[in-house]
Amino acid sequence: MARRISSSSGSSLITKLILLLILGKCIVNSFTSNIPTSPNNMNANSTGSIVSKSTVISNNDQGDNKINQEKDKLIKAQAGKLEELKRREAALSRLLAAVRLEKLEALRSRPLSIGIVGFGRFGQFIARTFSKHGRVVVTSRSDYTDIANGMGVMYKPLSNLDEYFDEDLDVVVLATSIVSFEDTVKNIAPHLHNYIRAKDGNKAPLIVDVLSVKEHPRQILLEHLPKECDILCTHPMFGPDSGKNGWHGLNFVYERTRIDGVLLDPSQKQTFHQMPRSSSDHEADTFIEKDSGVIHSLHENSESHIESMDRMERFLSIWEEEGCRMVALSCKEHDEYGANSQFITHLMGRILGSKDLSLRPTPIDTKGFESVMKLIESTTADSFDLFYGLYKYNQNSLDTIVKLRDSMSDVVGKLKEMEEEDQ
C-alpha cells in the first residue's frame, strides 16, 4: 500500500517537473525573441547582412559611375563650346580684316582734298601723313613752296585766300598757334562766305582745329564761322618729336561739334542732339523722338547731312588707320583733364629747365634724373607761345598752379618740421 502511494507520488512529481521544464523553456524563448542579436548570435543573419551591404556598395558604384559620366559629358560640352567660340572668333577676325580692307578701298576711291592753314613745324608734320590719304593744299604767311613740293603737296599764299578756297577743299585744318588762332579764324571767315555764296550755299568745307586747348577754339569757331561749315574739334596728343616714328598707339582726342547745322551736345550719350540757335526756330527745325526724348534735326536724313557725316568719318578714319588711339571727349572734359596732365607737364618742364636751376647731365645720373632731363628737353622744344596758350586759354590752368604752389609749400614745411625735431 505504502509502495503504491510512493510510486504514484514519484510519477506525479516527475510529471510536474516535466511541465515546469516545458513552461520555463517557453518563457525563455518568449523573452529571448525580443532581444537584439548579439555578436555571438549573428550567424543566422550574416548571409542576409552581406547581401544587403553588397547591394548598397553596388548602388554606390553605379551612382559614382553616373556622376563621372556626367562630368565627362560636361567637360566635352565645354571643350566643344570653346572650340565653337574660337571658330567664331576667327571668323570675326577675318570679317574685321575684310571690313578694314573695304574701308581703306573706300577711302582711297574717294580721297579727301585737305587744306592746311599754317605750314609751320606741326603743319608740315601732319601734311606729310595726309598726303598718303588724299590731295593736300597748304597755305601760310611764309613761302613754303619748295618744302611743299618736296612733300608732294600744293602751296598757295595766304595773301590770296579766295584762290586757296577755290581748290574745292573738303576739309580745312587750322594748324596755327593758340595765340593767333582767333585772328586766323576772323581772317578766313569772309573768304569762306565768298566761297559758299559762289557755290549757291550748297558747299562748305569741314573746319578742324588741332589746338592743345579745346573750349577756346570751339567757342571761336562757333562764333565766327559761317553756319554752313561743319566743325570738328580735335587734339592730336603728340607732335613732330613724339610722333616721328609713326602715330601708332598715340592718343587722338576729338569732339564732333557741328554737322549740317546741327550742333551736337557732347554731354549727352546719344549721338545727335539739336541745340537750337534761337527759340524762334526751335519748333520749326527740330522734333523730339517718342519714348527716348532725343531731339533730332529735321535735316538729319537729308543728303547734305549724310554727306557731312561721311566726310567727317573719312577724315577721322585717317587718324585711325595711322594707328591712333581714338578718344571721343567733350571740349570741356578735355580741358579739365588737360590742366592736370599736359599743362602741369609743361609747367614742371619749364620750372626744372629754368636758368636758375641750371640742371645739366652728370657722370652719375640716375634713371630718374635722366627722365627729368628728357622732360625738360621735350617741353622746352615747344614754343613758349604754346605754353602760354595752355595757361591763358584753359581756365583750369591757374588752379593747377595754385595747387602746385601749395603742395610745394607743404613739402618744404614738412622738411623744416623734421629739421627742428632733430635739433
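In this text, all values refer to a predicted model and were calculated from it rather than measured experimentally.

Rules used in this analysis
- Numbers given for residues are sequential positions, taken from 1 along each chain in its written order.
- Given that the model is predicted, a residue must reach a pLDDT of at least 70 before its local features are reported, and side-chain atom pairs must reach 80 or more before they are shown or counted; all residues, however, enter totals for whole chains, interfaces and linings.
- Computation of side-chain values covers all heavy atoms of the structure but excludes hydrogens and water.
- Only residues whose relative accessible area exceeds 30% and that form no salt bridge enter a patch; like-charged residues are grouped when within 9 Å of one another, and nonpolar side chains (Val, Leu, Ile, Met, Phe, Trp, Tyr) when within 5 Å.
- Accessibility throughout is a Shrake-Rupley quantity obtained with a 1.4 Å probe, and a residue counts as covered only by protein chains that appear here.
- By definition, a salt bridge exists where a carboxyl oxygen of Asp or Glu is found within 4 Å of a side-chain nitrogen of Lys or Arg.
- For the purposes of this entry, the term helix denotes a DSSP run of H or I that reaches at least four residues, the term strand denotes a run of E that reaches at least two, and both are numbered from the N terminus.
- Note on terminology: a nonpolar core comprises buried Ala, Val, Leu, Ile, Met, Phe, Trp, Tyr and Cys residues joined through side-chain atoms within 4.5 Å.
- Residue burial is assigned from relative accessible area. The probe radius is 1.4 Å, only protein chains are included, and a residue is buried under 20% of its type maximum, exposed over 50%, and partly exposed in between.
- In what follows, residue pairs with any heavy atoms lying within 4.5 Å of each other are defined as contacts.
- By convention, a stacked pair of Phe, Tyr or Trp rings (six-membered ring in the case of Trp) has centres within 6.5 Å and planes under 30 degrees apart, an edge-to-face pair has planes over 60 apart, and any other such pair is tilted.
- To define axes, lines are fitted to C-alpha atoms, for helices over the stretch in contact only, and angles between the resulting N-to-C directions are given on a 0 to 180 degree scale.
- Roughly parallel here means an angle under 35 degrees, roughly antiparallel means over 145, roughly perpendicular means 65 to 115, and every remaining angle is called oblique.
- Two helices that cross are described as forming a left-handed crossing if the nearer one is turned anticlockwise from the farther one by less than a right angle, and a right-handed crossing if clockwise.
- Throughout, the ten residues Ala, Val, Leu, Ile, Met, Phe, Trp, Tyr, Cys and Pro are labelled nonpolar, Asp, Glu, Lys and Arg are labelled charged, and all others, Gly among them, are labelled polar.
- Values of pLDDT, the confidence the predictor places in each residue, fall between 0 and 100.
- Pairs of N or O atoms within 3.5 Å make up the polar contacts considered here, provided that, within protein, one atom can donate a hydrogen while the other can accept it, and that residues adjacent in sequence are counted only when both atoms are side-chain atoms.
- Counted as positive: Lys and Arg. Counted as negative: Asp and Glu, with His and the chain ends omitted from the count.
- Taken as the charge location is NZ of Lys, CZ of Arg, CG of Asp or CD of Glu.

Regarding a nonpolar patch on the surface
- A surface patch of nonpolar side chains, amounting to about 460 Å² of accessible area, comprises Val-179, Phe-384, Tyr-388, Tyr-391 and Leu-398.
- The element best represented in the nonpolar patch is helix H12 (residues 384-392), accounting for 3 residues.
- Within the secondary structure, Tyr-391 sits in helix H12.

What about the nonpolar core?
- One finds Ile-116, Phe-130, Val-173, Phe-315 and Trp-319 to be the most contacted residues of the largest nonpolar core, which totals 36 residues.
- Listing elements by their share of this core, those giving two or more residues are strand E1 (112-117), helix H3 (121-130), strand E2 (134-140), helix H4 (145-151), strand E4 (171-174), strand E5 (206-209), strand E7 (251-259) and helix H9 (303-321).
- Per-element tally for this core: the top contributor is H9, with 6 residues.
- The residues contacting Val-173, other than those within four sequence positions of it, are Ile-114, Gly-115, Ile-116, Val-117, Ile-126, Phe-130, Val-208, Val-210 and Phe-315.

Here we look at the packing of aromatic side chains
- Taken as a whole and judged by the stated rule, the model has 15 aromatic pairs.
- Ring plane angle 65° and centroid distance 5.8 Å describe the contact between Phe-130 and Phe-315, whose orientation is recorded as edge-to-face. Pair noted here: Phe-130 is in helix H3 and Phe-315 is in helix H9, with a separation of 185 residues, a long-range link.
- A residue is classified by how much of its surface remains accessible, and Phe-130, at 0% relative accessible area, is buried.
- Looking at Phe-315, the relative accessible area reads 0%, which means it is buried.

Side note on the pattern of salt bridges
- With the rule as written, the count across this model stands at 19 salt bridges.
- The residue Lys-203 makes a salt bridge to Asp-170 at a minimum N-O spacing of 3.9 Å. With Lys-203 in the loop between helix H6 (181-198) and E5 and Asp-170 in the loop between helix H5 (161-165) and E4, this pair connects stretches of sequence that are 33 residues apart.
- You can call Asp-170 buried: its relative accessible area is 17%.
- A salt bridge links Glu-336 to Lys-332; the nearest nitrogen and oxygen atoms lie 2.6 Å apart. Placement of the pair is Glu-336 and Lys-332 together in helix H10 (residues 331-352), with a separation of 4 residues, close to one helical turn.
- Under the relative-accessibility criterion, Lys-332 is labelled partly exposed at 48%.
- Salt bridges here are not isolated pairs; linked through shared partners, they connect Arg-135, Lys-156, Glu-163 and Glu-167.

A look at the packing of H10 against H12
- Relative orientation of the contacting elements H10 and H12 amounts to 130°, with a least axis distance of 10 Å. As the angle between them shows, H10 and H12 are arranged oblique. The hand of the H10/H12 crossing is left-handed. Listed contacts from H12 to Gln-342, Phe-343, His-346, Leu-347 and Arg-350 of H10 are Phe-384, Leu-386, Phe-387, Leu-390 and Tyr-391.
- Considered class by class, the residues forming the contact of H10 with H12 number 7 nonpolar, 2 polar and 1 charged.

Some points on the confidence of the model for the protein
- Averaged over every residue, the pLDDT of the protein is 81; the share at 70 or more is 74%.
- Scored below 50 in pLDDT, residues 1-10 shows 0 contacts in the model against residues more than four places distant or in partner chains.
- Low pLDDT (under 50) marks residues 34-51, which in the prediction has 2 contacts with non-local residues, meaning those over four places away or in another chain.

What to know about the environment of His-133
- Residue placement: His-133 occurs in the loop between H3 and E2.
- Along the primary structure His-133 and Phe-315 are separated by 182 residues, whereas in three dimensions their C-alpha atoms are 9.4 Å apart.
- Not counting residues up to four positions away in its chain, the partners in contact with His-133 are Pro-111, Leu-112, Ile-318, Glu-321 and Glu-322.
- One polar contact links His-133 to Glu-322, side chain to side chain, over a distance of 2.8 Å.

So, a negative patch on the surface
- Where like charges cluster on the molecular surface, the negative patch consists of Glu-417, Glu-419, Glu-420, Glu-421 and Asp-422.
- With respect to the element layout, Glu-421 can be found in helix H13 (residues 397-422).

Comments concerning the packing of H6 against helix H7 (residues 215-224)
- Running from N to C, H6 and H7 cross one another at 20°; their axes reach a closest spacing of 10 Å. On the basis of the axis angle, H6 is roughly parallel to H7. Seen along the crossing, H6 lies across H7 with a hand that is right-handed. Mapping the contact onto sequence places Phe-181, Glu-182, Val-185, Lys-186 and Ala-189 in H6 and Pro-217, Ile-220, Leu-221 and His-224 in H7.
- Looking at the contact of H6 with H7 residue by residue, the class counts come to 6 nonpolar, 1 polar and 2 charged.

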